[in-house]
Amino acid sequence: MNGFRPSSQDRVQPRLSLLQSLRTQFRSVGNRMLRFWAVVILVAASVITPYWVWSAPSPQALIEQARSQYQAANYEASAETWQEIAVLFEAQNDPLNQAMALGNLVLSEQALGQREFVSNNLMAGLRLVDSQPTSPEQSRIRAALLDIQGQEQLIVGQPNEALSTWRTALSIHEEQENSFAIAQSQINQAQALQRLGLYPRACSLLLQSLDRERLDCRISESDLETLEQPSSVSQQILALRSLGNVLRVMNDPVGAQLALNKSLQLSQASGNDASLGEIYLSLGNTAQALSDRKLENGTKKPVSTTSTRQTCAGTVDSPSSQQAADCYRLAAQSPNPKTQTQAQLNLLDLSFEQQDWPTVSELISQIPANLSELPDSQTSVDAHLKFLRTLTCLKATLQPDQTDLRSPIVQQCVKPDPLVAATPQVLAALPSWLEMTGLAMRAYEQADMIGSLPAQANALGYLASVYQQQGDLSQAQALTEQALQLLIGVSRPDVRYLWQWQLGQLQLQQGNLDSAIAAYTLAFNDLQTLRQDLVSNNRDLQFTFRDRVEPVYRDLVDLLLQGDQPSQDNLLQARQVIESLQIAELNNFFQEACLEARARNIDDIDPQGALFYSIVLPERLAVIVSIPGQPLSYFATPVTAETVEETFGDLQERLNPLISTPDPLRPHQQFYDWLIRPAIAKLEASQIETLVFVPDGVLINLPLAALHDGQQFLVEQYGVAMTPSLELLSQNEADFRRKKTLAAGLVEAREGFPPLPEVTQELKAVSKIVPAQVLLDDAFTRDRLEQSLQSNPEILHLATHGQFSSQAAQTFLLTWEGRINVKDFDRLLPNTAPIELLILSACQTATGDQRATLGLAGFAVRTKARSTLATLWSVQDKSTALLVPEFYRGLNDANVGKAEALRRAQLSLLQDPSYQHPFYWAGMVLVGNWQ
């Protein structure tokens with residue numbers, strides 16, 4: 001390998017015919033060149049470059065020429081030069097350097113989208129390396145080629161294979177103690193894990209590559225400020241950008257923006273302009289995520305058609321759709337067609353949502369040309385289908401010819417409200433349905449070229465949706481079934497469930513109820529095997545959980561509950577689906593598959609308890625009742641989901657004791673009639689004492705104890721509890737009463753929250769009833785709490801401010817020095833006996849968040865507490881200081897369960913003239929085990 005001497009022309013001449021053949025093949029596909037695409041690949045595979053540059057002794061001039069051509073994005077010329085170098089090394093019988101030349105050739109061919117040549121040359125290079133004796137040099141070259149092979153596998157949509165390949169390469173890098181290559185391999189593996197939806201694992205690897213390894217996937221400004229000077233700035237830029245993308249999907253857009261801003265800062269300071277487009281694209285996605293969170297209950301302002309560089313890398317305090325649009329416009333200026341196209345597609349979706357019709361019409365005309373520049377790859381397939389989806393949404397919204405034939409693709413569309421009339425330019429720019437089939441066919445051809453069956457299935461499924469929108473249901477069904485045939489034997493339930501869902505809709509639209517149920521059941525079964533992937537968020541086809549997953553559960557329940565009296569089999573399946581939906585929602589809340597369920601039956605838990613499953617369907621409110629020893633009961637009320645939400649809003653307004661309204665209990669009585677009254681006779685006949693609810697939709701925030709039958713409140717008749725799922729209940733401890741309690745609370749105002757002067761009285765009263773350790777004010781810190789929890793208290797009582805939200809990042813408890821997020825709480829707990837009872841006596845649901853009780857359930861399951869007592873709203877601290885001690889007194893009665901103890905405590909306030917209004921007592925709810 002040392003002292004390589006140039007070969008004579010005579011020795012090279014016999015190989016020139018082969019070179020000429022390679023050049024002819026190359027030029028035949030040269031018109032499909034994608035310029036600048038491989039910049040990202042070169043960065044990701046940069047660990048390989050030193051091997052072939054410095055290990056090859058000559059022909060140095062050709063090597064330098066090829067490198068310069070590649071760095072200038074002249075990939076066609078670079079490929080020709082590397083072909084010539086490979087032939088020269090073959091003539092010299094130098095297989096290792098020949099293999100490295102083929103590796104360089106593959107990088108250029110990847111940039112040009114020459115999939116067949118990539119595969120052939122990559123395999124040839126690996127065969128050459130494997131034919132040589134093992135040595136440090138041979139191992140380094142083999143690892144370099146494996147790194148390139150992993151990139152190719154990721155490009156063609158094989159993330160599992162890429163992950164396996166990169167792990168093999170990593171083992172070689174670790175044997176050779178190559179820290180640079182190890183970090184690069186960690187970044188590579190994180191990319192594959194992101195494609196698989198395994199974001200926590202991806203985050204862990206990225207933090208390792210930045211030397212910031214930790215249990216929680218978080219990064220702070222101080223972490224970023226103290227990052228060590230890297231051996232490769234481009235590597236650190238890529239790691240930070242990847243980390244930002246992961247944090248955004250894991251519902252931490254604040255951390256994402258911090259990481260991305262640092263990546264942008266490094267890129268600008270180092271003059272690494274090649275990475276700017278991808279960073280701006282990621283910043284745009286993050287700004288939009290922050291804007292969606294901040295403006296969740298408001299109206300977004302229209303975005304401007306002009307761009308300003310200054311607003312893209314904004315602060316986390318002022319996110320906006322305008323900032324996202326500016327970032328997308330900057331990303332669209334990238335010379336990389338992949339980045340440019342993705343930015344335009346995201347800007348098109350945002351402009352449609354904002355009804356910025358001039359930008360919409362402009363982008364519709366620009367995007368097709370950029371799509372044609374993309375080489376055959378998974379990214380190109382996804383981009384074609386995303387454009388097709390947006391066009392389908394636009395046509396279905398602006399030209400609703402078949403509003404009753406909405407495919408799953410259309411169900412996931414943005415729905416501007418109110419809809420502003422589109423300009424004539426937009427309507428004229430919209431392609432015909434026939435033209436849109438061309439997009440799907442082009443995606444299918446590319447998917448076939450890269451050999452990806454899931455991508456082919458997606459293309460056929462999208463093509464079917466186009467026919468479905470036109471009303472050609474038979475053709476749509478045939479194409480959907482063909483898509484599903486392609487997936488037989490392919491382990492991709494994340495793709496299969498979508499087209500099973502579409503097939504179910506098509507069967508239903510043609511009046512085939514049984515076939516529709518069968519297809520929906522298969523889609524549901526696929527989702528059940530996908531617990532970790534329910535939180536995945538394909539970066540090119542981004543749909544939310546509520547748009548892409550939840551409708552499958554709800555549609556299936558709707559089908560199973562058709563008619564006045566569904567069969568017991570259908571009721572049992574519907575109950576299972578409802579349970580699974582609750583678990584899926586909590587997994588989505590945590591953005592990780594953290595919950596394991598097991599089948600449970602009310603008969604095995606409480607012979608005097610009845611379980612109420614409610615689900616809000618578009619045209620009716622359905623209730624399934626499970627009473628021990630009896631078949632499942634079912635009743636439904638023909639009422640729209642909008643009416644249920646309006647009635648809930650009416651009830652919330654009447655919870656203010658200072659506002660007097662005529663007929664103040666009307667909504668309380670309405671919900672009683674919907675949810676309870678039809679089951680009363682059976683409840684009384686079975687001598688039921690406790691009602692346990694698995695609520696759905698807005699009903700999860702309903703103060704069930706305050707429902708009213710016209711004579712008395714529900715709490716005056718029954719103990720009341722709720723559970724996110726019966727399958728999540730743990731076995732109840734035999735007897736935890738009079739055992740030790742850890743009580744902590746804040747009296748003084750902290751972090752802008754008001755003081756809680758009655759907390760002192762509340763905790764003193766508790767200490768007189770049960771043996772308790774008390775941490776008050778400055779003694780209530782995170783460290784002291786964690787230390788005290790090591791004594792394994794049976795009851796953990798926290799009288800402090802906190803908030804329950806439908807977003808985990810906004811669900812927290814307040815300590816003296818800061819906040820404890822719900823996702824961090826379980827790290828404070830010892831790994832011994834679980835907490836029997838968690839009491840959160842001063843928290844509240846996030847204002848305006850109709851699904852905020854997900855946060856309450858999140859605290860319950862995260863702590864693994866068997867039961868949780870908490871408040872739905874900020875209850876007056878004086879009434880809480882009276883209610884909570886009464887609850888403890890009830891627990892001291894060995895014959896009284898938790899639900900009954902809470903009922904007695906609530907009745908004590910109801911009987912007090914000062915606290916009869918439901919506001920003072922109905923907000924306290926018991927979640928989990930009620931016995």
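This structure is a prediction, so every number in the text was calculated from the model and none was measured.

## Structural notes on a negative patch on the surface
Next, step 1: Taken together, the side chains of E619, E642, E645 and E646 present a region of like negative charge at the surface.
Next, step 2: Within the secondary structure layout, E646 lies in helix α33 (residues 641-653).
Next, step 3: Here E646 falls in the exposed class, since its relative accessible area comes to 57%.

## With respect to the pattern of salt bridges
Next, step 1: For the structure on display, the rule yields 24 salt bridges.
Next, step 2: Between E152 and R115 there is a salt bridge, and its shortest N-O distance comes to 2.8 Å. Of this pair, E152 sits in helix α9 (residues 136-155) while R115 sits in helix α8 (residues 115-130), and the two are 37 residues apart along the sequence.
Next, step 3: The class of E152 is buried, set by a relative accessible area of 9%.
Next, step 4: When the shortest N-O distance is used, the salt bridge between R866 and E836 registers 3.1 Å. Of the two residues, R866 is situated in the loop between α39 (853-862) and β14 (867-871) and E836 in the loop between α38 (822-825) and β12 (837-840); the sequence distance between them amounts to 30 residues. Like E836, R866 is buried.
Next, step 5: Several salt bridges converge on common partners, so that one network encompasses D893, E900, R903 and R904.

## Some thoughts on the packing of helix α19 (residues 337-354) against helix α21 (residues 378-398)
Next, step 1: Where α19 meets α21, the closest approach of the two axes is 11 Å, and the angle between their N-to-C directions is 20°. Taken together, the axis directions place α19 and α21 in an arrangement best described as roughly parallel. Viewed along their axes, α19 and α21 form a crossing whose handedness is left-handed. On α21, the residues that touch K338, T341, Q342, L345, N346, L348, D349 and F352 of α19 are T379, A383, K386, F387, R389, T390, C393, L394 and T397.
Next, step 2: The residue inventory of the contact of α19 with α21, partitioned by class, reads 7 nonpolar, 6 polar and 4 charged.

## A closer look at the state of the cysteines
Next, step 1: Going through the model one piece at a time under the given rule, you end up with 1 disulfide.
Next, step 2: Each sulfur in the disulfide pair C393 and C413 lies 1.9 Å from the other. Every disulfide takes its handedness from the sign of the S-S torsion; for C393 and C413 that torsion is -80°, giving left-handed. Taken together, the positions of C393 in helix α21 and C413 in the loop between α22 (408-411) and α23 (424-429) put the pair 20 residues apart, joining distant regions of the chain. Here the two residues C393 and C413 agree in accessibility, since each one is buried.

## Observations regarding helix α37 (residues 782-789)
Next, step 1: Within the sequence span of α37, burial applies to L785, S788 and L789. The arc that holds the buried residues of α37, viewed along the axis, is 100°, so those residues lie on one side. Relative to its buried face, α37 has exposed residues pointing more than 90 degrees away, namely D783 and Q787.
Next, step 2: Contact partners of the buried residues in α37: β6 (741-745), β7 (772-776), β8 (795-799) and β11 (819-821).

## Details of the pairing of β7
Next, step 1: Looking at chain direction, β6 and β7 are connected through 5 bridges and run parallel. Directly across from L742, in β7, lies its bridge partner Q773.
Next, step 2: With helix α36 (residues 759-769) bridging β6 and the parallel β7, this β-α-β connection has right-handed handedness.

## Some details on α9
Next, step 1: When the terminal C-alpha atoms of α9 are compared, their 29 Å separation across 20 residues agrees well with the 28 Å that a helix rising 1.5 Å per residue should span.
Next, step 2: Of all 20 residues in α9, 17 are buried, a share of seventy percent or more.
Next, step 3: Where α9 terminates, the next one or two residues include G157, which has phi positive at roughly 80°.

## Describing the confidence of the model for the protein chain
Next, step 1: Predicted confidence across the protein chain gives a mean pLDDT of 82, with 84% of residues reaching 70 or more.
Next, step 2: Taken together, the stretch residues 1-57 has pLDDT below 50 and engages in 133 contacts with residues farther than four places along the chain or on a different chain.
Next, step 3: In this model, residues 532-543 is a region of pLDDT below 50 whose contacts with residues beyond four sequence positions or in other chains number 41 contacts.

What counts as what
Residues numbered from 1 in each chain as written. Predicted model: local features only at pLDDT ≥ 70, side-chain atom pairs only at ≥ 80, totals over all residues. Heavy atoms only, no water. Patch = residues over 30% accessible without salt bridge, like charges linked within 9 Å, V, L, I, M, F, W, Y side chains within 5 Å. Areas by Shrake-Rupley, 256 points an atom, 1.4 Å probe, with all protein chains shown as cover. Salt bridge = Lys/Arg side-chain N within 4 Å of Asp/Glu carboxyl O. Lys, Arg positive; Asp, Glu negative; His and termini not counted. Charge placed at Lys NZ, Arg CZ, Asp CG, Glu CD. Helix = DSSP H or I, 4+ residues; strand = E, 2+ residues; numbered from the N terminus. Buried < 20%, exposed > 50% of the residue type's maximum accessible area, 1.4 Å probe, protein only. Axes fitted to C-alpha atoms, helices over the stretch in contact; angles between N-to-C directions. Parallel < 35°, antiparallel > 145°, perpendicular 65-115°, else oblique. Left-handed = near helix turned anticlockwise from the far one by under 90°. Contact = heavy atoms within 4.5 Å. Nonpolar A, V, L, I, M, F, W, Y, C, P; charged D, E, K, R; others polar. Disulfide = S-S within 2.5 Å. Arc of directions from axis to C-beta. Pairing = 2+ DSSP bridges. Right-handed = clockwise from strand over helix to strand, strands pointing away. Expected span 1.5 Å × (residues − 1). pLDDT = per-residue confidence, 0-100.

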